[in-house]
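Structural description and commentary
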Amino acid sequence: MGTKSRKKKNTNRKRNIYILGIGMGLLIGVVFGIASGSMIMSIIVCGILGYGMGYAIHKTITG
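Reading the values: rules and limits
Residues numbered from 1 in each chain as written. Predicted model: local features only at pLDDT ≥ 70, side-chain atom pairs only at ≥ 80, totals over all residues. Heavy atoms only, no water. Helix = DSSP H or I, 4+ residues; strand = E, 2+ residues; numbered from the N terminus. Contact = heavy atoms within 4.5 Å. Areas by Shrake-Rupley, 256 points an atom, 1.4 Å probe, with all protein chains shown as cover. Patch = residues over 30% accessible without salt bridge, like charges linked within 9 Å, V, L, I, M, F, W, Y side chains within 5 Å. Salt bridge = Lys/Arg side-chain N within 4 Å of Asp/Glu carboxyl O. Buried < 20%, exposed > 50% of the residue type's maximum accessible area, 1.4 Å probe, protein only.

With that out of the way, let us pick up the overall build of the chain. In terms of helices and strands, the chain carries two helices and zero strands. For the chain, the spread of C-alpha atoms along the principal axes amounts to about 50 × 20 × 10 Å. Across the chain, every contact between residues at least 6 apart in sequence was considered, and the portion connecting residues at least 24 apart equals 52%. Just so you have it, the chain exposes about 4800 Å², and 71% of that area is on carbon and sulfur atoms.

Below you can see the structure in the form of structure tokens.
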């Protein structure tokens, strides 16, 4: 396996982890938004927290 394909897989993995984190954050934001009545603010805050969660997952996996 060459260096080029390894770098491509790493960038794809990083992108997928961030998408997973943001997706989970948006899902939680919708649930909290329905519960609290402030849908837009809840989605924005949980989306940002989801991005941070994706960053933390990426750093945990890659070391």
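Back to the write-up after that little detour.
On to a nonpolar patch on the surface. Where nonpolar side chains cluster on the molecular surface, the patch consists of Val 30, Ile 34, Met 39, Ile 40, Ile 44 and Ile 48 and spans about 580 Å² of accessible area. Broken down by secondary-structure element, the contributors of at least two residues to the nonpolar patch are helix H1 (3–36) and helix H2 (39–62). Of note, Ile 34 is situated in helix H1.

What follows covers the environment of Leu 49. Position of Leu 49 relative to the elements: it lies in helix H2. Accessibility expressed as a relative area gives 57% for Leu 49, which makes it exposed.

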